[in-house]
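Here's the letter readout for the chains.
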Amino acid sequence: MPYTPGRLPLFADRAFQAVTALTVIDVAAFLVQERTGPLWPAWVNWLLLIAVIVPTLLLCRRVRADPASAPVVRRYWRTAEVGILMFVGVAGLRVLSELGAGGWLLPFSVVLHAVGGLVLTWPLLGLPFSARGRARRLAVRLDLGTLSCAAGLLLWHFVASAQFADGTVTVAGVLSAIVIMGAGLNGVYLAARVVLAGVDSFARHGLYWIGTSALIGGLGSAIAFLHPWQPGGNLLVVVLPLAAYAAAVGARVQVVDTAAGDRLRRAPRGYSLMPYVAIAAVDGLVAYHNIRGTGNGILIDGVAVTLTALVVIRQLIAFRQNDALLARIGVQEQRFRLLVQNSTDMVTIAGPGGALTYVSPAAHGILGSHPDDMIGTGLALRVHPNDLAAVTERMAAVAGAPGNTATYQMRLRHADGTYRWLEVISANLTGEPSVDGIVSNARDITETREVQDRLSYEASHDMLTGLANRALFGKRVAAAVNGAGRDQQVSIVLVDLDDFKIVNDTLGHATGDALLVHVAERMRAGVRAADTVARLGGDEFAILFDGSAGTDVDQVLTRIAAALLEPAVIDGEPMIVRASFGVVDGRGGDDAGDLLRQADIAMYEAKERGEGGYERYRPGMEARGAERSRQAAALRTAILEDQLVTFFQPVVTLPEGRITGAEALVRWQHPIEGLLGPGAFIDTAEQTGLIIELGAWVLRAATREAATWPGELTVSVNVSARQLREAGFPAVVAAALRDSGLPARRLTVEITESVAVGGGVTSDNLRELRDLGVRLSLDDFGTGASTLTLLATCPVHQIKLDRSFMPDGGSDAIADAVAQMARAFGLEAVAEGVETAEQAARVTQLGYERAQGFHFARPMNAADLRARLVGMVAAAPPSQQ
């Protein structure tokens with residue numbers, strides 16, 4: 001077998017070298033002794049046989065123990081090792097017999113010889129034929145029949161007929177001829193069976209050597225035992241070593257082939273040489289007979305005629321198989337053509353230079369070009385410039401060697417000038433003569449890519465503003481600090497819009513969204529293209545300045561803040577936006593999470609100032625943030641453990657000063673710091689969302705206490721914008737009234753003007769509260785968006801003049817205007833913050849019917865108010881009790 005790169009050399013094994021050398025010595029010794037006579041005692045020749053068999057057994061064991069060999073291969077060589085080992089016993093018995101150990105050893109060695117032959121023959125009979133299909137199996141049987149007839153004729157003429165050379169027929173001669181014919185035909189059959197075996201796990205050339213070993217061993221043994229003509233020495237001493245050597249070559253070839261790991265599946269051949277070899281042999285015998293005038297002429301002619309008939313039948317079967325094959329190929333070709341022509345995938349074949357030699361009809365649907373117009377052109381001219389380098393590299397890799405493949409995506413220009421995304425699988429089939437080119441199968445994935453790009457964009461961008469979202473911003477911050485050097489600066493800014501919730505609550509979410517888009521545009525216009533602006537959620541934005549810090553960032557933020565303060569018309573209304581900026585400066589190698597946390601701390605510091613603008617992070621700010629967190633936790637505990645206390649400030653009639661109700665005011669009875677006013681914790685409640693729980697607690701406490709008051713005294717409770725944005729707030733009020741037993745008409749909910757002008761959920765909640773029978777009051781009237789439209793549209797019952805407009809020796813125009821508007825709209829007017837008798841007298845003159853303030857009573861606890869109410873009832877005339 002020729003040596004190919006990457007395969008082990010056949011003679012690189014010491015055991016194989018030894019068996020080769022010993023076989024050569026054995027054959028040479030036999031031939032020399034035939035000419036010159038014995039060189040040594042006869043038993044030495046049998047020892048040479050043992051010497052040849054021992055390395056053969058070693059080679060068989062290597063195949064049997066090779067884990068890379070298939071199980072069927074290991075099983076065969078295990079059986080072969082047992083059979084060959086028996087011939088060591090045969091040789092040993094022959095040695096003892098030649099040494100005169102006993103006459104019975106010779107027949108025993110013959111029996112062991114026969115058993116060993118059967119052991120070696122048995123696994124060969126189990127090898128399957130490679131033929132598939134009924135017709136193929138019939139053809140193989142005809143080939144075996146042809147070969148057997150020819151082999152039988154040759155064996156008879158040259159070997160078996162010698163048993164009757166003297167013209168006499170004896171029983172012994174007949175039996176000898178039968179055995180010789182049987183052994184020879186069995187050897188030929190086994191050899192043919194091995195050649196036709198369909199076991200791809202075996203090395204093909206190794207099988208050939210196994211067949212050769214069977215033929216030599218079987219036929220040679222029969223001749224050695226039974227043929228009347230024998231050489232001077234025992235023929236077995238050369239037959240058995242040659243058979244063993246053929247087996248050794250088969251084992252070595254199997255090991256080499258398995259180690260190479262590149263054994264290809266044998267392609268079935270559409271014809272067989274065996275019948276033609278058989279006919280050639282018989283024809284040669286006919287010619288030999290005619291020239292030499294040998295006997296057996298009728299037998300030879302009869303066999304020749306039989307073989308001719310068998311070959312004719314075999315040929316007819318072959319013709320029928322060819323017709324069926326051609327028909328099947330035609331159907332398959334038609335099916336393939338229809339599949340390609342009707343496939344939505346575009347199939348192309350390109351020559352070595354890249355010019356297209358075939359283009360399927362799908363090209364018209366994918367690229368808008370007729371396939372015939374594309375023949376002779378190259379796809380490279382249509383590739384998107386951004387993809388050209390990668391596509392060229394892939395195609396060069398595919399073109400490097402036959403069998404190379406590659407899968408890639410690229411954009412090709414459509415006939416209308418647009419580009420289509422294609423997923424392409426290219427295979428180099430230049431080694432296939434029927435193709436001789438690079439075949440590419442392209443599928444249009446434009447819609448899939450568009451969906452993927454859109455999903456990727458949506459996963460990394462805010463859909464409302466088009467800015468980067470929190471996830472993308474976090475990745476860019478991490479990339480900036482990880483990719484920068486220690487001397488390269490990075491600045492992170494977190495931005496929060498002040499009072500944006502009021503816009504959402506008062507003007508609706510549509511207006512709020514429009515305002516967010518406006519803010520995004522102003523921010524984007526104020527930074528460089530290399531900087532990143534992101535919306536983190538709600539009204540919170542962020543900016544990443546990569547390579548800038550300090551005064552450069554300060555100037556940009558000043559411009560952005562000024563741009564936001566410029567009036568912008570949103571849904572027909574002029575608006576300005578004030579924002580708070582938290583800034584932190586970092587360098588390459590800093591922790592991105594720490595920088596974002598520090599920027600957040602700085603932003604809350606800026607918000608607490610309440611003036612907008614920016615605040616740069618400074619060490620120690622964490623302590624203030626921690627204090628806010630601690631206070632929020634303490635406030636949550638106060639709500640759960642009833643550390644809160646409700647105070648009440650009476651509301652009186654003018655000018656009598658009679659108490660008609662009271663406003664509920666919350667205090668915190670802190671276990672350490674004592675009684676705290678609302679200024680100490682309301683901001684924390686607003687920032688943390690605890691205002692909802694706090695407001696619900698005050699509402700329950702106030703209604704429960706007011707239910708104990710006599711008559712029709714009312715209680716007023718302040719409600720925040722956050723509470724009114726909760727869809728279930730009217731249900732909370734209804735539950736408090738139901739649990740306390742207080743009639744709804746005795747509860748007044750106080751709201752600010754900024755809340756009253758809201759829409760959406762806030763307007764729905766106010767309407768539901770009025771439907772419950774709860775009274776509504778506009779608190780701090782005059783300080784917010786006070787308009788006639790507000791009074792006409794907001795379903796309130798009462799307005800409360802803010803204490804900042806209380807007459808105090810100066811102009812009382814605003815107080816007078818508020819009183820007149822209340823009368824005009826049929827609303828009750830309450831003067832808040834009355835601290836002197838003069839103020840009380842003046843607001844009475846202006847027409848106010850109710851008032852509250854320190855002049856009448858300071859806020860007091862529930863017990864003090866109950867005592868005052870008892871005294872008031874006792875002092876009242878009987879008609880008013």
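Residues numbered from 1 in each chain as written. Predicted model: local features only at pLDDT ≥ 70, side-chain atom pairs only at ≥ 80, totals over all residues. Heavy atoms only, no water.

## Observations regarding the overall build of the chain
Here comes step 1: Along the backbone of the chain there are 30 helices and 22 strands.
Here comes step 2: When each of the 881 residues of the chain is scored for burial, the buried share is 46%.
Here comes step 3: Accessible surface, the chain: about 43,200 Å² in total, of which carbon and sulfur atoms supply 59%. (Helix = DSSP H or I, 4+ residues; strand = E, 2+ residues; numbered from the N terminus. Buried < 20%, exposed > 50% of the residue type's maximum accessible area, 1.4 Å probe, protein only. Areas by Shrake-Rupley, 256 points an atom, 1.4 Å probe, with all protein chains shown as cover.)

## Digging into the pairing of strand β20 (residues 828-832)
Here comes step 1: Counting buried residues along β20, five of its five residues qualify, which places the element largely inside the surrounding structure.
Here comes step 2: Across the two faces of β20 the burial is the same, with E828, V830 and E832 and A829 and A831 all buried.
Here comes step 3: Bridge analysis of strand β19 (residues 798-801) against β20 gives four bridges, and the strand direction is parallel. When the bridges of β20 are listed, Q798 appears paired with E828.
Here comes step 4: Of the strand pairs in this sheet, β20 and strand β21 (residues 850-852) are connected by three bridges, and their pairing is parallel. Within β21, the position partnered with A831 by the bridge is A851.
Here comes step 5: Handedness of the crossover joining β20 and β21 through helix α29 (residues 837-846): right-handed. (Pairing = 2+ DSSP bridges. Right-handed = clockwise from strand over helix to strand, strands pointing away.)

## Remarks on the sheet that holds strand β3 (residues 405-413)
Here comes step 1: Strand order in the open sheet formed by five strands is β2-β1-β5-β4-β3, with antiparallel pairing between adjacent strands. On the outer flanks of this sheet lie β2 (356-359) and β3, each paired with one strand and no other. Averaged over all adjacent pairs, the angle separating strand axes in this sheet is 25 degrees, with direction ignored.
Here comes step 2: As paired strands, strand β1 (residues 346-350) and strand β5 (residues 438-444) are joined by five bridges and run antiparallel to one another. Residue T348 lies in a different strand from β5, and its bridge partner there is S440.
Here comes step 3: Across the sheet, helix α13 (residues 388-399) touches β3, β4 (419-428) and β5, and the angle it forms with β3 is around 145 degrees. (Axes fitted to C-alpha atoms, helices over the stretch in contact; angles between N-to-C directions. Contact = heavy atoms within 4.5 Å.)

## Topic: unusual backbone geometry
Here comes step 1: The residue after L654, namely P655, is reached through a cis peptide bond having omega 5 degrees.
Here comes step 2: Position of P655 among the secondary structure elements: in the loop between β13 (644-653) and β14 (659-670).
Here comes step 3: Although it is not a glycine, D436 sits at a positive phi angle of roughly 50 degrees.
Here comes step 4: In this structure, D436 sits in the loop between β4 and β5.
Here comes step 5: Residue classification places D436 among the partly exposed residues on the basis of a relative accessible area of 46%.
Here comes step 6: Here D642, not a glycine, exhibits a phi torsion of approximately 55 degrees, which is positive.
Here comes step 7: Here D642 is to be found in the loop between α20 (621-640) and β13.

## Let's talk about the side chain of S360
Here comes step 1: By the secondary structure assignment, S360 is in the loop between β2 and α11 (362-367).
Here comes step 2: At a separation of 2.8 Å, a polar atom in the side chain of S360 contacts the main-chain amide nitrogen of V347. (Polar contact = N/O pair within 3.5 Å; in protein donor to acceptor, adjacent residues only side chain to side chain.)

## Describing the sheet that holds strand β12 (residues 613-616)
By definition, the strands of a sheet pair up through backbone hydrogen bonds, in either a parallel or an antiparallel sense.
Here comes step 1: Spatial strand order, β7-β8-β6-β11-β12: five strands in an open sheet with mixed pairing. One side of each edge strand has no neighbouring strand; the edge strands of this open sheet are β7 (532-537) and β12. Shown here is a sheet whose adjacent strand axes are inclined to one another by a mean of 25 degrees, direction ignored.
Here comes step 2: Examined bridge by bridge, strand β6 (residues 489-497) and strand β8 (residues 540-546) share seven bridges and lie antiparallel to one another. Bridge pairing links V495 to F541 in β8.
Here comes step 3: Sitting on the sheet, helix α15 (residues 470-483) is in contact with β6, β7, β8 and β11 (579-587), with an inclination near 25 degrees to β8.

## Side note on the packing of helix α3 (residues 71-98) against helix α8 (residues 236-260)
Here comes step 1: Two numbers describe how α3 lies on α8: the axes approach to 12 Å, and their chain directions differ by 155 degrees. The orientation of α3 relative to α8 falls into the category roughly antiparallel. In the crossing of α3 with α8, the sense of the turn from one axis to the other is left-handed. Mapping the contact onto sequence places V73, W77, I84, F87 and R94 in α3 and L236, L240, A247, G250, A251 and Q254 in α8. (Parallel < 35°, antiparallel > 145°, perpendicular 65-115°, else oblique. Left-handed = near helix turned anticlockwise from the far one by under 90°.)

## As for helix α18 (residues 551-565)
Here comes step 1: Taking 1.5 Å per residue as the helical rise, α18 with its 15 residues ought to reach 21 Å, and the 21 Å between its terminal C-alpha atoms agrees with that figure.
Here comes step 2: The complete set of buried residues in α18 reads V553, D554, V556, L557, I560, A561, A563 and L564.
Here comes step 3: Buried residues along α18 sit in contact with β6, α17 (509-526), β8, β11 and β12. (Expected span 1.5 Å × (residues − 1).)

## Concerning the environment of S763
Here comes step 1: Within the secondary structure layout, S763 lies in helix α26 (residues 761-772).
Here comes step 2: For S763 and G508, which are 255 residues apart along the polypeptide, the C-alpha to C-alpha distance reads 9.9 Å.

## Points about the confidence of the model for the chain
Here comes step 1: With 75% of its residues at a pLDDT of 70 or more, the chain has an overall mean of 79.
Here comes step 2: Note on residues 1-5: pLDDT is under 50 here. Beyond four places in sequence and across chains, it has six contacts. (pLDDT = per-residue confidence, 0-100.)

## Let's talk about the environment of E432
Here comes step 1: As for its placement among the helices and strands, E432 is situated in the loop between β4 and β5.
Here comes step 2: Between the C-alpha atom of E432 and that of G403, which follows or precedes it by 29 residues, the distance is 9.6 Å.

## A look at the packing of helix α22 (residues 691-706) against helix α24 (residues 729-740)
Here comes step 1: The contact between α22 and α24 brings their axes to 9 Å, and the two run at 30 degrees. Relative to α24, the element α22 is oriented roughly parallel. As α22 packs across α24, the resulting crossing turns out to be right-handed. Between α22, through A696, L699, R700, T703 and R704, and α24, the contact on the second element is made entirely by V732, V733, A736, L737 and S740.
Here comes step 2: Considered class by class, the residues forming the contact of α22 with α24 number six nonpolar, two polar and two charged. (Nonpolar A, V, L, I, M, F, W, Y, C, P; charged D, E, K, R; others polar.)

## Details of the pattern of salt bridges
Here comes step 1: In the structure shown here, the tally under the stated rule is 22 salt bridges.
Here comes step 2: Here D444 makes a salt bridge to R420, at a shortest N to O gap of 3.0 Å. Here D444, found in strand β5, pairs with R420, found in strand β4; they are 24 residues apart in sequence, far enough to count as distant.
Here comes step 3: Given a relative accessible area of 25%, R420 falls into the partly exposed group. (Salt bridge = Lys/Arg side-chain N within 4 Å of Asp/Glu carboxyl O.)

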